[in-house]
There are 2 protein chains.
Amino acid sequence: MPIRALAFDVFGTVVDWRSSIIAELSEFGREHGVDADWSRFADDWRAGYVPAMDRVRRGELPWTRIDDLHRGRLVELLDQAAITVSDTDIDHLNRAWHRLDPWPDSVAGLTRLKQRFLITTLSNGNVSLLTDMAKRAGLPWDCVLSAEIFGHYKPDREAYLGTAHILDVAPGELMMVAAHPSDLRAARDAGLVTAYVHRPLEQGPDRTPERPGHDEFDITASDFGDFADQLGA
Amino acid sequence: MPIRALAFDVFGTVVDWRSSIIAELSEFGREHGVDADWSRFADDWRAGYVPAMDRVRRGELPWTRIDDLHRGRLVELLDQAAITVSDTDIDHLNRAWHRLDPWPDSVAGLTRLKQRFLITTLSNGNVSLLTDMAKRAGLPWDCVLSAEIFGHYKPDREAYLGTAHILDVAPGELMMVAAHPSDLRAARDAGLVTAYVHRPLEQGPDRTPERPGHDEFDITASDFGDFADQLGA
């Protein structure tokens, strides 16, 4: 079956969330005259992401968008660090997730891939987050799809099948692209084609993600340029 | 309240559905060696649109996307004209609605407006239709929103409020842009700001749409260039 559309995971796959968040936190610290280990703060902030989504996935929380899950965790971490700022300042800092910078090869690679395929996000980030991010960073999506649209966070099957349905393609005509094997395994279980892109710096210079076996996914690529080469785009 | 996002009606407002559909039907006729009054066929095809959506809006039909509503009407009209073609040919012709051409000022106007505002579709067309159309015509949307995402066709209130919610803006920060007063009146009733853009040729050269009073909507514009001028974009 030919591939008709590519659905991209975003945090870590398209954008370097960690460096961006550390930079935003450092700026926040300078503005407010507070200091902390901002790298650790960024990692702790991100570490709240999966457990919070899992509460939604298990039905313990009603649908809650990532902006609100991020904000809840941020307030906890600021409290723990005894940092007191206004709600407006918290809102601005929380929206740092709307201002993440892409990896150096992302825009050029997506621009090539867009010539040949329909390209969309399929992220757990909410639509406004993804749209703001794309506008600021110049990510040339054909459309912006999100777990928010399907009411199911990845790796719920509904997110992958919902994407195929709304794009009017068969699951086997849709390729999920991600730097995270767990996302790709769930996509594959739902019938999608899969592409792993290695992002060795996602967790910072001191933690190297385990690279899956070369045969586990349909494509394994070292970056978006290599990925576009392999797809002939 | 400042305007933060612009939501555009698409059929008739951004694209010239009638000329595009007549051209596709004429091409279809030539390929299949059949003749008909294709202008009238196009108008009859489009005339099935609102009654079909209204059946969904009243709950007489479950959610059905525009592609399927269009196809149902097309099959009826081909039957009435005693034109017999394959299902594949019907599918291709039905997807003419994915290949509509923009009005001459649409791409340039949207490109200007995008510099200053978040721009999205808010159309009754389904997501894959809108995405295919944008890709082919170069419509530079920041994101693609559709009645399909909200499970409610315009003029249901949920479509307008759903757009504000998913973009994380207040209804009064969202401007609905359309060539159709009925769409704008429903948007206004939901609390949105409104802009009317006159498209005198939407129904063809022989039918001129009634122009609403200059004061009825927040902005009245003669085309997207004039609209961008009035917004200072």
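Keep in mind that what you see is a predicted model, and the values were worked out from it rather than measured.

### Let's talk about the side chain of T163 of chain A
Residue position: T163 of chain A is located in helix 9 (residues 157–167). Apart from residues lying up to four places away in sequence, T163 of chain A is in contact with A7, L122, L145, F150 and L174 of chain A.

### Topic: the domain arrangement of chain A
All names here are of chain A. Partitioning chain A into domains gives domain 1 (5–16 + 100–230) and domain 2 (17–98). On a C-alpha basis, the centres of domain 1 and domain 2 stand 23 Å from each other. The contact between domain 1 and domain 2 buries some 2000 Å² in all, and 52% of this surface belongs to carbon and sulfur atoms. For the pair domain 1 and domain 2, the interface holds four salt bridges. The residue R95 makes a salt bridge to D132 at a minimum N-O spacing of 3.2 Å. The interface formed by domain 1 and domain 2 holds 15 residue pairs in polar contact (both at pLDDT 80 or more) in total. Among the elements of the structure, helix 7 (127–137) and helix 8 (147–150) are those that each provide at least two residues to the side of domain 1 that touches domain 2. The element that contributes the greatest number of residues to the side of domain 1 that touches domain 2 is helix 7, accounting for four residues. Here the residues of the side of domain 1 that touches domain 2 are counted per class, giving nine nonpolar, nine polar and eight charged.

### Comments concerning the sheet that holds strand 2 (residues 118–123) of chain B
Residues and elements named next belong to chain B. Sheet architecture is open: six strands sit in the order 3-2-1-4-5-6, paired in parallel fashion. The sheet is open, and its two edges are formed by strand 3 (143–146) and strand 6 (219–221), each paired on a single side. Pairs of neighbouring strands in the sheet enclose a mean axial angle of 25°, with direction left out of account. Pairing analysis gives four bridges linking strand 1 (residues 5–8) to strand 4 (residues 174–178), with the strands arranged parallel. Bridging from a neighbouring strand, F8 pairs with V177 of strand 4. Of the strands in this sheet, strand 1, strand 4, strand 5 (193–197) and strand 6 are in contact with helix 11 (residues 224–231), which crosses strand 6 at around 145°.

### Details of the pattern of salt bridges
Applying the stated rule across the entire model yields 50 salt bridges over all chains. Taking the shortest distance from any N to any O, the salt bridge between D43 of chain B and R18 of chain B comes out at 2.9 Å. In this pair, D43 of chain B sits in helix 2 (residues 38–47) while R18 of chain B sits in helix 1 (residues 17–32), placing the two residues 25 residues apart along the sequence. For R18 of chain B, a relative accessible area of 13% puts it in the buried group. In this structure, R71 of chain B engages D91 of chain B in a salt bridge whose closest nitrogen and oxygen atoms are separated by 2.7 Å. Separated by 20 residues along the polypeptide, R71 of chain B in helix 4 (residues 66–80) and D91 of chain B in helix 5 (residues 87–94) bring together distant segments of the chain. Its relative accessible area of 23% is what places R71 of chain B among the partly exposed residues. A single salt-bridge network, built from bridges that share partners, covers R65, R95, D132 and E148 of chain A together with D168 of chain B.

### Quick word on the packing of aromatic side chains
All names here are of chain A. Considering all chains together, one arrives at 22 aromatic pairs over all chains under this definition. A centroid spacing of 6.3 Å and a plane angle of 85° characterise the contact between F28 and W38, whose relative ring orientation is edge-to-face. With F28 in helix 1 (residues 17–32) and W38 in helix 2 (residues 38–47), this pair connects stretches of sequence that are ten residues apart. One exposure class covers both F28 and W38, and it is buried.

### A closer look at the relation of the copies chain B and chain A
Its rotation angle being 180°, the transformation that places chain B on chain A also includes 0.0 Å of axial translation and leaves an RMSD of 0.0 Å. Such a combination of rotation and displacement between the chain copies is what one expects of a two-fold axis. Among all residues of chain B, the minimum C-alpha distance to the rotation axis is found for C143 of chain B, at 2.7 Å. Of all interface residues in chain B, 100% are interface residues in chain A too; the two copies therefore contact each other through one and the same surface.

### With respect to the interface of chain B and chain A
Contacts between chain B and chain A engage 22 residues on the former and 22 residues on the latter. Of all residues in chain B, the largest losses of buried area upon contact with chain A belong to R65, K135 and I166 of chain B, amounting jointly to 29% of the total for that side. There are six salt bridges connecting chain B and chain A. The interface formed by chain B and chain A contains eight residue pairs in polar contact (both at pLDDT 80 or more). Of all the secondary-structure elements, those providing two or more residues to the side of chain B that touches chain A are helix 7 (127–137), strand 3, helix 8 (147–150) and helix 9 (157–166) of chain B.

How each quantity is defined
Residues numbered from 1 in each chain as written. Chains lettered and ligands numbered in written order. Predicted model: local features only at pLDDT ≥ 70, side-chain atom pairs only at ≥ 80, totals over all residues. Heavy atoms only, no water. Helix = DSSP H or I, 4+ residues; strand = E, 2+ residues; numbered from the N terminus. Contact = heavy atoms within 4.5 Å. Domains from an automatic or database assignment. Buried area = accessible area lost by both parts, 1.4 Å probe. Salt bridge = Lys/Arg side-chain N within 4 Å of Asp/Glu carboxyl O. Polar contact = N/O pair within 3.5 Å; in protein donor to acceptor, adjacent residues only side chain to side chain. Nonpolar A, V, L, I, M, F, W, Y, C, P; charged D, E, K, R; others polar. Pairing = 2+ DSSP bridges. Axes fitted to C-alpha atoms, helices over the stretch in contact; angles between N-to-C directions. Buried < 20%, exposed > 50% of the residue type's maximum accessible area, 1.4 Å probe, protein only. Phe/Tyr/Trp six-rings, centres within 6.5 Å; stacked < 30°, edge-to-face > 60°. Least-squares fit on C-alpha atoms with pLDDT ≥ 70 in both.

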